[in-house]
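So you can see what is in the structure, the chains are spelled out below.
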Number of protein chains: 2
Amino acid sequence: VNDSPVRVGLLGCGTVGSALLALLERQHDAISARTGLDIIVTKVAVRDLSRSRGLELPVDLFTDDAAAVVGDPDIDLIVEVMGGIDPARDLVRAALAGGKPVVTANKALLADHGAELFAAADSAGVDLLFEAAVAGGIPFIRPLRESLLGEPVRRVMGIMNGTTTSILTKMTEAGADYSEALAEAQALGYAEADPTADVGGFDAAAKIAIVASIAFGAEVTASMVDVEGITAVSADDIAFASRNGFVIKLLAVAERADVDGAEQLSAAVHPVLVPAHHPLASVRESFNAVFVEGDAVGELMFYGRGAGGDPTASAVLGDLIDAAVNLRRGAHASIGALAVAVLRPPAEASSAHYLSLVAVDRPGVLAAIASVLGDNSISIASMSQSAADSELGGALAADEARIDFVTHRTGRRNLEATLDVLRSLESVRRVGSVIRVLSEEEDER
Amino acid sequence: VNDSPVRVGLLGCGTVGSALLALLERQHDAISARTGLDIIVTKVAVRDLSRSRGLELPVDLFTDDAAAVVGDPDIDLIVEVMGGIDPARDLVRAALAGGKPVVTANKALLADHGAELFAAADSAGVDLLFEAAVAGGIPFIRPLRESLLGEPVRRVMGIMNGTTTSILTKMTEAGADYSEALAEAQALGYAEADPTADVGGFDAAAKIAIVASIAFGAEVTASMVDVEGITAVSADDIAFASRNGFVIKLLAVAERADVDGAEQLSAAVHPVLVPAHHPLASVRESFNAVFVEGDAVGELMFYGRGAGGDPTASAVLGDLIDAAVNLRRGAHASIGALAVAVLRPPAEASSAHYLSLVAVDRPGVLAAIASVLGDNSISIASMSQSAADSELGGALAADEARIDFVTHRTGRRNLEATLDVLRSLESVRRVGSVIRVLSEEEDER
């Protein structure tokens, strides 16, 4: 038994780093009682030494030389919560190469360079753990890596971005339109001044890239994810969804399909009409959830706080204890080598869809549109027509009608082609929203 | 690297055992690709060799001598899915003593003898894993043991018994009374001919005993759990709950409280009025969920199939892979020694409550009852009175009224004493239901 302390170098001391220091101080003795480990942070690398940390810690704990912390022979283990690719990537590589386990909360780093870093950890024989990089405080990566390693996972769907969930919750529950809901989220500090990373779906894309890589053992990077944000979701779409028993969520979806006996993967982020009784429908505001479908396990959901200093620090601490236990045992967890991902082109995807068209309000128009759908083998699950003077007709001219369809599962390529035919009809003024519907039909994927 | 197969002895081949054999056969190559392990079941011990297994397996795989499988030097690892205490306890002890890791799905065994078996695994330096013993396919034990090891967990609440959830769902959604809903569950095979273990809360008690032991690092056995089943829940209680924004669930609750600076634990199973918007409220039919509250992580929920051959086999397989990886590495997971639990007496617990009284319907009675509550410092959150000719008055005599209260948090001991005073009033005909309410008030625990 090695009774010497596990000495931790912390890179970054913002919201998560300082929450971790406070949590570790509070829990140090309880952790020691349960594991025998004496985990202490002996160095904290920060960008600006002059900024107060709000923590009563000795001044000589802090340094602005992160590389020196990584290279320090008196540091056993590195926790990286600085974020961003540079210099985090070089620091994590250097730590792993030096035989130091790394715990990171860095989503961007893993989404773009995960395979390289997992391989570096494996060849150094040390841990690279990253629970906090996806879905904040929710312990999901560990169950996915370990508990579900033998499970035939078909699909993982996550609500992984709190900003978009808050905006969509506001639109649904207060009837706000998108720009009002965004402005409120910005005023409350839930959305950035430049909200693109969140509302454009890019934050969720980085997370689902990591999840897809782990779930399917193949390298999926953020740039491979088919991304559509929520900026085009209208108050009318929300109203249509509510009336028809759905809520709209921004879902990140990773899926495995057998195409003629060969495995293809897909990873996408897009708004989806989720049936109101589905467990994902009740995920509101800043909560995250990850829904897993597997052939043996059936349906699983993991739910909790997706962000925030304390929940994220909780996830980092779980990894830190695990890495420290492994370090003392001379063991380490391994992702295994990631295969090259064979991705299904987005046009090959299929789904039920909600379509909203504006057409000239005269006899025969609906029949013409329905026959175009039928000619293209698009089967209609439900349809409704609203005149200009009806509740959903607000944006219509007097001679226009709004026609909303929910289709059965249809291929995206066929749908796009069919929409082009509809746009070419004289009687169709415009094709409005086209949003996927989470279908619970017997899957034909 | 050791390339030889990991040879597994399977004890028991009922629903879970045969689902495991099928799943392992399907996933063998995928597991091998990701871990390098060749996991094969080389012996299956069954009680009755003459029963067909419905599996196309060589006859010489099967034996009726479980002790010989455990003692076989050609077996590396034991999976126990036979259930029950005897002979499972002796077999698991013998396997551990012989240096063989054990994966078990045996809830009863761990609830009564967990501490002894965890200690035996530790002293042999091998794994004892049991994900499938609690909440079926939901990966909850591993996150609790590992991810949340450093988290200050305050409370764990689980819906862990599918039979009672199915019965309560039927009562809520179809307006059935308890005996009708039970009879239907029995007809559908969800409930046993003798349903006591489920409807009496004892199955859930065994599960929460295991959860409390792991969450709080102290030995809690099934007999220490304060148990109340659902047999007294009436259609009127369900109707009251629905009208007032609640659903009734059988919750298993493990909690940690600081009492004058000393830590006390509690473990209980009882029906609870859960607010309809709480994530646990949407858990229906045979699904299970476990809700965790921690100071840092906030609120977490784990949701999925609580029973069934395939989901349970999925959980067993996750453990089996983990145990095999550890065996090859010469490592093992440890629960650590369990402390002696200091349990809070059930009378010291406090909660909001729903109370239903039947009183004489005449002026002044309500005031008399309310003043008894007030004199005993029981604060009323809401109250409603129903006359004999009203919708909730079905069971009343013409001169009776039903009075329903929801109280704020109140101590159980004080509540019981106050109910005795109420029972002694000439104007109170009877005290009906007394059911806890999941309170979201600022906790005063």
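Now for a look at the structure at hand. Residue positions are counted from 1 within each chain, in the order its sequence is given. Ligands are numbered from 1 and chains lettered from A, in the order in which they are written. It should be noted that, the model being predicted, local features are given only for residues of pLDDT at least 70 and side-chain atom pairs only at 80 or more, the latter also being counted only at that level, while totals for whole chains, interfaces and linings use all residues. Side-chain figures throughout are based on the complete set of non-hydrogen atoms in the structure, without hydrogens or water.

Our next topic: the interface of chain A and chain B. Whether two residues touch is decided by their heavy atoms; if any such pair falls within 4.5 Å, the residues are in contact. Listed by partner, the interface residues are 47 residues for chain A and 47 residues for chain B. In this description, buried area is defined as the sum, over both parts, of the accessible area (probe of 1.4 Å) that is lost when the two are combined. Of the roughly 3,800 Å² buried at the junction of chain A and chain B (both faces included), carbon and sulfur atoms supply 55%. It is A:Arg34, A:Leu149 and A:Tyr303 in chain A that bury the most area against chain B; as a group they hold 17% of the surface buried on that side. We count a salt bridge whenever a side-chain nitrogen from Lys or Arg sits within 4 Å of a carboxyl oxygen from Asp or Glu. Connecting chain A to chain B are four salt bridges. With a closest N to O distance of 2.5 Å, B:Asp295 and A:Arg26 form a salt bridge. Pairing of N or O atoms within 3.5 Å defines a polar contact, subject to two protein rules: one partner must be a possible hydrogen donor and the other a possible acceptor, and residues neighboring in sequence count only if both atoms are side-chain atoms. Linking chain A to chain B there are 18 residue pairs in polar contact (both at pLDDT 80 or more). At the level of elements, α1 (15-35), α5 (141-147), α9 (202-216), β13 (298-305) and α11 (309-329) of chain A are the ones that each hand at least two residues to the side of chain A that touches chain B. Note that Gly is not counted as nonpolar here; it falls among the polar residues with everything else outside the nonpolar set of Ala, Val, Leu, Ile, Met, Phe, Trp, Tyr, Cys and Pro and the charged set of Asp, Glu, Lys and Arg. The class makeup of the residues in the side of chain A that touches chain B is 24 nonpolar, twelve polar and eleven charged. If DSSP finds at least two bridges between two strands, the strands pair. Helix and strand labels come from DSSP, where a helix needs a run of H or I of at least four residues and a strand needs a run of E of at least two; each type is numbered from the N terminus. As defined by bridge partners, β13(A) adjoins strand β13 (residues 298-305) of chain B across five bridges and the pair is classed as antiparallel. Bridging across to β13(B), A:Leu300 finds its partner in B:Gly304.

Quick look at the pairing of strand β11 (residues 262-275) of chain A now. All names here are of chain A. Per-residue accessibility, obtained with a 1.4 Å probe over protein chains only, is compared with the maximum for each type, and a residue is labelled buried under 20%, exposed over 50%, and partly exposed between these values. Across the 14 residues of β11, twelve count as buried, placing the element largely inside the fold. Direction of pairing for strand β9 (residues 226-227) relative to β11: parallel, over a ladder of two bridges. The partner of valine 227 across the bridge, within β11, is valine 269. When strand β10 (residues 246-259) meets β11, the two strands line up antiparallel, connected through 14 bridges. Along β11, the bridge assignment pairs alanine 254 with alanine 267. The antiparallel pairing of β10 with β11 creates a hairpin that spans two residues between the two strands, and aspartate 260 there sits at a positive phi of about 50 degrees. The sheet contact formed by β11 and strand β19 (residues 428-437) spans two bridges and is parallel. Along β19, the bridge assignment pairs leucine 273 with valine 437.

Glancing now at the layout of surface pockets. Remark: the empty space left among the atoms is shown by a probe the size of a water molecule rolled over them. In this structure, the second largest pocket encloses a volume near 1,200 Å³. Considering the residues around the second largest pocket, the lining is formed by 48 residues, among which A:Asn326, A:Arg329, A:Ala331, B:Asn326 and B:Arg329 are closest to the centre. Of all elements in the fold, only α1, α5 and α11 of chain A together with α1 (15-35), α5 (141-147) and α11 (309-329) of chain B reach the threshold of two or more residues within the lining of the second largest pocket. Among the residues making up the lining of the second largest pocket, the classes are represented as 17 nonpolar, 17 polar and 14 charged. With a 1 Å grid spanning the protein atoms alone, the term cavity applies to any set of points in which a 1.4 Å probe fits but cannot get out, the term pocket to an open set with protein on both sides within 12 Å along at least five of seven lines, and the term lining residue to any residue with an atom within 4 Å of a point. Grid points are joined across faces, edges and corners, and a volume is the space filled by probe spheres set on the points.

This next bit is on the packing of helix α6 (residues 162-174) of chain A against helix α10 (residues 235-243) of chain A. Residues and elements named next belong to chain A. Remark: α6 packs on α10, axes separated minimally by 9 Å, with the N-to-C direction vectors making an angle of 65 degrees. On the basis of the axis angle, α6 is roughly perpendicular to α10. The way α6 lies across α10 gives a crossing that is right-handed. Taking contact as the criterion, the partners of Leu168, Met171 and Thr172 in α6 are, on α10, Ala235, Ile238 and Ser242. Split into classes, the residues belonging to the contact of α6 with α10 amount to four nonpolar, two polar and no charged. Angular values range over 0 to 180 degrees, each being the angle between N-to-C directions of two axes fitted as lines to C-alpha atoms, with helices fitted over their stretch in contact. Oblique is the label for every angle not falling under 35 degrees (roughly parallel), over 145 degrees (roughly antiparallel), or within 65 to 115 degrees (roughly perpendicular). Each helix crossing is assigned a hand: it is left-handed if the near helix lies turned anticlockwise from the far helix by less than a right angle, otherwise right-handed if that turn is clockwise.

What follows is about the sheet that holds strand β6 (residues 128-129) of chain B. Residue and element names in this part refer to chain B. Taken in spatial order, the six strands make up an open sheet running β3-β2-β1-β4-β5-β6, and their pairing is parallel. The outermost strands of the open sheet, each flanked by one partner alone, are β3 (62-63) and β6. For strand β4 (residues 77-80) and strand β5 (residues 102-104), the ladder comprises three bridges, and the chain directions are parallel. The residue bridging valine 79 from the neighbouring strand is valine 103, located in β5. Contacts from α11 reach β1 (6-11), β2 (39-45), β4, β5 and β6 within the one sheet, and its direction differs from that of β4 by about 165 degrees.

Another point: the relation of the copies chain A and chain B. Note on the copies: chain A fits chain B at an RMSD of 0.0 Å, the axial shift is 0.0 Å, and the rotation between them is 180 degrees. In the structure described here, the two chain copies are related by an operation that fits a two-fold rotation axis. Residue A:Phe302 of chain A places its C-alpha closer to the rotation axis than any other residue of that unit, at 2.4 Å. We place the copies in one frame by least squares, fitting the C-alpha atoms of every residue whose pLDDT is at least 70 in both.

So, on to helix α6 (residues 162-174) of chain B. All names here are of chain B. Here, expected helix span is obtained from the residue count minus one, scaled by 1.5 Å. The end-to-end C-alpha distance of α6 is 17 Å, a good match for the 18 Å that 13 residues give at a rise of 1.5 Å each. Those residues of α6 that sit buried are Gly162, Thr163, Thr164, Thr165, Ser166, Ile167, Leu168, Thr169 and Met171. For α6, the side-chain oxygen to backbone nitrogen distance between the N-cap and threonine 163 is 3.3 Å, and the N-cap itself is asparagine 161. Where α6 ends, the next residue or the one after it, glycine 175, has phi of about 70 degrees, a positive value.

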